[in-house]
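Structural characterization, general
What follows is each chain in one-letter form.
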Amino acid sequence: MEAGKAVNYSGQGFSLMGEKGRFVLPPDFRKAVRESGRGERVLCLIKHPRWTCLTGFGLGRENEFEAELDREERIALDRGTDFDREERANQLYGYAKVPFDDSGRFVLPERFFKLGALAASAFFQGGGKSFTIWNPDELAKMGPGWEDAQSACAELAAQAQSGKGRR
């Protein structure tokens, strides 16, 4: 199926790792990923280029990669800095396609546990064209500017661990 429309990811979510090593994609993110992929239940995952977390998006995001490469190359030229288009393209296009069920459950490929420093829980943070998936301990290490995400993560984690939050 051809990739769908561009979507924006906003808000936060939290998932404890469940049976068989599965996490649950929060409902708002699940809906946007499906819209991006024209109904396909496929989560695209890759290691974030700077932070110790994962980046997630729907299949439609790939339609924007060439324009993003062009923009990044123009910025590098304007600044007089090096830009390795091939390396950056490999970073963008090197994502894994991870299926999820109607309830949002997905099995995280083993390599992503190490790449994203993930363990028994995951915090989802909306970021516009994509979203990030954090180990709460890694998010807690982030500096100024991350206070809202850190607070939301702590609140959602407490709800999930007390059984009041969705898993």
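Description of the structure in this document. Computed from a predicted model, the values in this text were never measured in an experiment.

Here we take up the environment of asparagine 63. By secondary structure assignment, the location of asparagine 63 is in the loop between β4 (54–57) and α2 (65–79). For the pair formed by asparagine 63 and alanine 6, sequence separation is 57 residues and the distance between their alpha carbons is 8.2 Å.

Moving on, we get to the nonpolar core. Of all hydrophobic cores here, the largest spans 32 residues; its most connected members are Leu25, Phe106, Leu108 and Phe131. At five residues, the largest contribution of residues to this core is made by strand β3 (residues 42–47). Other than its neighbours up to four places away in sequence, phenylalanine 131 contacts Tyr9, Leu25, Phe29, Val33, Leu43, Leu54, Thr55, Gly56, Phe57, Phe124, Gln125 and Gly126. Core analysis: the second largest hydrophobic core is formed by 12 residues, Phe123, Leu139, Ala152 and Ala160 among them.

Below, the discussion takes up the pattern of salt bridges. All chains considered together, the criterion is met by 14 salt bridges. Close ionic contact of arginine 61 with glutamate 64 constitutes a salt bridge, the shortest N to O distance being 3.1 Å. The class for glutamate 64 is buried, based on a relative accessible area of 19%. One salt bridge in this structure joins aspartate 70 and arginine 85, with 2.9 Å as the shortest N-O distance. Within this pair, whereas aspartate 70 is found in helix α2, its partner arginine 85 is found in helix α3 (residues 85–93), the two being separated by 15 residues in sequence. In the salt-bridge network here, residues are joined through shared partners; they are Arg61, Glu64, Glu68, Glu72, Arg88 and Lys129.

A few words on a negative patch on the surface. The grouping of Asp82, Asp84, Glu86 and Glu87 at the surface amounts to a negative patch. Structurally, the position occupied by glutamate 87 is in helix α3.

Per the counting criterion, the structure on display carries 14 aromatic pairs. With 6.1 Å between their ring centres and 40° between their planes, phenylalanine 23 and phenylalanine 113 make a pair best called tilted. Pair noted here: phenylalanine 23 is in strand β2 (residues 22–24) and phenylalanine 113 is in helix α4 (residues 110–115), with a separation of 90 residues, a long-range link. Ring geometry for tryptophan 134 and tryptophan 146: centres 5.3 Å apart, planes at 65°, overall edge-to-face. Pair noted here: tryptophan 134 is in strand β8 (residues 131–134) and tryptophan 146 is in the loop between α5 (136–140) and α6 (147–162), with a separation of 12 residues, a long-range link. Tryptophan 146 shares its class with tryptophan 134; the two are buried. In textbook terms, an aromatic cluster arises when at least three aromatic residues are bridged by ring pairs, as seen for Tyr9, Phe29, Phe124 and Phe131. Just above the ring of tryptophan 51 sits the side chain of arginine 50; from NZ or CZ to the centre is 5.2 Å.

Scoring rules and cut-offs
- Residues numbered from 1 in each chain as written.
- Predicted model: local features only at pLDDT ≥ 70, side-chain atom pairs only at ≥ 80, totals over all residues.
- Heavy atoms only, no water.
- Helix = DSSP H or I, 4+ residues; strand = E, 2+ residues; numbered from the N terminus.
- Core = buried A, V, L, I, M, F, W, Y, C linked by side-chain atoms within 4.5 Å.
- Buried < 20%, exposed > 50% of the residue type's maximum accessible area, 1.4 Å probe, protein only.
- Contact = heavy atoms within 4.5 Å.
- Salt bridge = Lys/Arg side-chain N within 4 Å of Asp/Glu carboxyl O.
- Patch = residues over 30% accessible without salt bridge, like charges linked within 9 Å, V, L, I, M, F, W, Y side chains within 5 Å.
- Areas by Shrake-Rupley, 256 points an atom, 1.4 Å probe, with all protein chains shown as cover.
- Lys, Arg positive; Asp, Glu negative; His and termini not counted.
- Charge placed at Lys NZ, Arg CZ, Asp CG, Glu CD.
- Phe/Tyr/Trp six-rings, centres within 6.5 Å; stacked < 30°, edge-to-face > 60°.
- Lys NZ or Arg CZ within 6 Å of the ring centre and 35° of its normal.

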